[in-house]
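# Report on the structure
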Amino acid sequence: MLSTLFPNVSWEDMWQATYDTLYMTIISTGATFVLGLAIGILLFLTSPHQVWANKVANFITGSLVNIFRSIPFIVLIILLIPFTKFLLGTIRGVNAALPALIVGAAPFYARMVLIALREIDKGVIEAARSMGAKTSTIIWKVLIPEALPALLSGITVTAVTLVGYTAMAGIIGAGGLGNLAFIDGFQRSREDVTLMATIFILIVVFVIQFIGDFVTTKTDKR
């Protein structure tokens, strides 16, 4: 039945492309969560009236976040080609796409982290400070737990965005479903390949969104 509806689809290639997309998305999402969380916390703590209040550090960090967040991903990939080649020795393959994916998504997520932390009741933070809590204690026992639902919701949105980024990463031969849809589907006029790759991408996005919403709901105690 499927071979009749999709005569040009190589299921081996489709499953490999799906694996490549999942690999790039999962690794880059994990790295983005760690890096974006660290940058977001730094932005929050160096803002006025916080424990590390520092206008210069906050301005520099915020400016870098805004710059990298504003660069279109397709342009960022090209700009990072020398760095990627220096770091990995190649600009092709799924691993070569990771630096651009992480650099492109981390600033975006950092802003979402900052927004989530700003929503925390200031009284909770002040109470921890008045009790002599260390900065590390405030971060791990107050900031992250209080903002956890918003942080998880934000990384879910970011992960979905990264699925789209992996499609554009095909210009450096990263593979994945987006690359398969363009190279094997569009360029060879195989509409069935493009359609099936699109369906697989949608399934990946729906699964990520479902898992993210489920975990966020479970951690939200409000």
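Residues numbered from 1 in each chain as written. Predicted model: local features only at pLDDT ≥ 70, side-chain atom pairs only at ≥ 80, totals over all residues. Heavy atoms only, no water.

## Some details on the overall build of the protein chain
Which entries qualify depends on this criterion: Each helix is a run of DSSP H or I of at least 4 residues and each strand a run of E of at least 2, with the numbering of both proceeding from the N terminus. Per-residue accessibility, obtained with a 1.4 Å probe over protein chains only, is compared with the maximum for each type, and a residue is labelled buried under 20%, exposed over 50%, and partly exposed between these values. We call two residues contacting when some pair of their heavy atoms lies within 4.5 Å.
Check the secondary structure of the protein chain and you find 10 helices and zero strands. Start at the N end of the protein chain and walk to the C end: the helices and strands fall as α-α-α-α-α-α-α-α-α-α. Viewed in the frame of its principal axes, the protein chain has a C-alpha envelope of about 70 × 40 × 25 Å. Relative to its 222 residues, the protein chain shows a buried fraction of 42%. Long-range pairs, those at least 24 residues apart, make up 75% of the contacts in the protein chain with a sequence separation of at least 6.

## Regarding the UniProt feature "transmembrane region" (unreviewed entry) in the protein chain
Filter applied, for reference: UniProt positions are given in the numbering used here, feature names are shortened, and annotations may be inferred rather than shown by experiment.
Feature annotation in UniProt places "transmembrane region" (unreviewed entry) on residues 22-45, 57-84, 96-117, 162-182 and 194-212, given in this structure's numbering. As annotated, residues 57-84 has a helix share of 89% and a strand share of 0%, and its two end C-alpha atoms lie 27 Å apart. Secondary structure content for residues 194-212 is 100% helix and 0% strand, and the end C-alpha separation is 27 Å.

## A closer look at the confidence of the model for the protein chain
What counts is decided by this rule: pLDDT expresses, on a scale from 0 to 100, how confident the predictor is about each individual residue.
Looking at the protein chain as a whole, the pLDDT averages 90, with 96% of positions reaching at least 70. Looking over the protein chain, one finds the lowest element-wise mean pLDDT in helix H1 (residues 2-5), namely 66, and the highest in helix H2 (residues 11-45), namely 95.

## Concerning the packing of aromatic side chains
Spelled out, the test is: Stacked, tilted and edge-to-face are the three classes applied to pairs of Phe, Tyr and Trp rings, where Trp contributes its six-membered ring and a pair requires centres within 6.5 Å; stacked means planes under 30 degrees apart, edge-to-face means over 60, and tilted covers the rest.
Tallied over the full model, the rule gives four aromatic pairs. With a centroid separation of 5.3 Å and 70° between ring planes, the pair formed by Trp 15 and Phe 200 is classed as edge-to-face. Of this pair, Trp 15 sits in helix H2 while Phe 200 sits in helix H10 (residues 191-219), and the two are 185 residues apart along the sequence. What makes Phe 200 buried here is its relative accessible area of 10%. Ring geometry for Phe 33 and Tyr 109: centres 5.9 Å apart, planes at 35°, overall tilted. One end of the pair, Phe 33, is in helix H2; the other, Tyr 109, is in helix H6 (residues 94-118), and 76 residues separate them in sequence. By relative accessible area, which is 26% here, Phe 33 ends up partly exposed.

## Observations regarding the nonpolar core
Keep this limit in mind: Only buried residues count toward a nonpolar core. Its members are Ala, Val, Leu, Ile, Met, Phe, Trp, Tyr and Cys residues joined through side-chain atoms within 4.5 Å.
Ile 41, Phe 44, Leu 117, Leu 143 and Leu 151 are the most contacted members of the largest nonpolar core, which has 22 residues in total. Taken together, the elements giving at least two residues each to this core come down to H2, H6, helix H7 (122-130) and helix H8 (135-168). The element that contributes the greatest number of residues to this core is H8, accounting for eight residues. Setting aside its immediate chain neighbours within four residues, Leu 117 contacts Gly 40, Ile 41, Phe 44, Leu 143 and Ala 147.

## Quick word on the side chain of Gln 50
Here Gln 50 lies in the loop between H2 and helix H3 (55-70). Given a relative accessible area of 16%, Gln 50 falls into the buried group. Discounting residues that sit within four places of it in the chain, Gln 50 has contacts with Phe 44, Leu 45, Ile 125 and Arg 129.

## Observations concerning H6
Note the threshold: Here the expected span of a helix is defined as 1.5 Å times the quantity of residues minus one. The seven residues ending at a residue and the seven starting there each receive a fitted axis; the angle between those axes is the bend at that residue.
Its 25 residues place the ends of H6 36 Å apart at the C-alpha level, agreeing with the 36 Å of an ideal helix rising 1.5 Å per residue. At Ala 106, H6 shows its maximal kink, close to 25°; a proline, Pro 107, follows between one and four residues later.

## So, the packing of H2 against H10
What counts here: To obtain each axis, a line is fitted to C-alpha atoms, and for helices this fit is confined to the stretch in contact; angles are then taken between N-to-C directions over 0 to 180 degrees. Left-handed is the label given to a crossing in which the near helix is rotated counterclockwise from the far helix by less than a right angle, and right-handed is the label when the rotation is clockwise. Three residue categories are used. Nonpolar comprises Ala, Val, Leu, Ile, Met, Phe, Trp, Tyr, Cys and Pro, charged comprises Asp, Glu, Lys and Arg, and polar comprises the others, including Gly.
Packing of H2 against H10 leaves a shortest axis separation of 11 Å and a crossing angle of 35°. Relative to H10, the crossing made by H2 is right-handed. Contact residues: H2 offers Trp 11, Met 14, Trp 15, Thr 18, Leu 22 and Thr 25, while H10 offers Val 193, Met 196, Ala 197, Phe 200, Val 204 and Ile 208. Taken together, the residues that form the contact of H2 with H10 break down as 10 nonpolar, two polar and no charged.

## Thoughts on unusual backbone geometry
With a phi angle near 75°, His 49 is a residue other than glycine that sits in the positive phi range. Take His 49: it is sitting in the loop between H2 and H3. For His 49, a relative accessible area of 72% corresponds to the exposed category.

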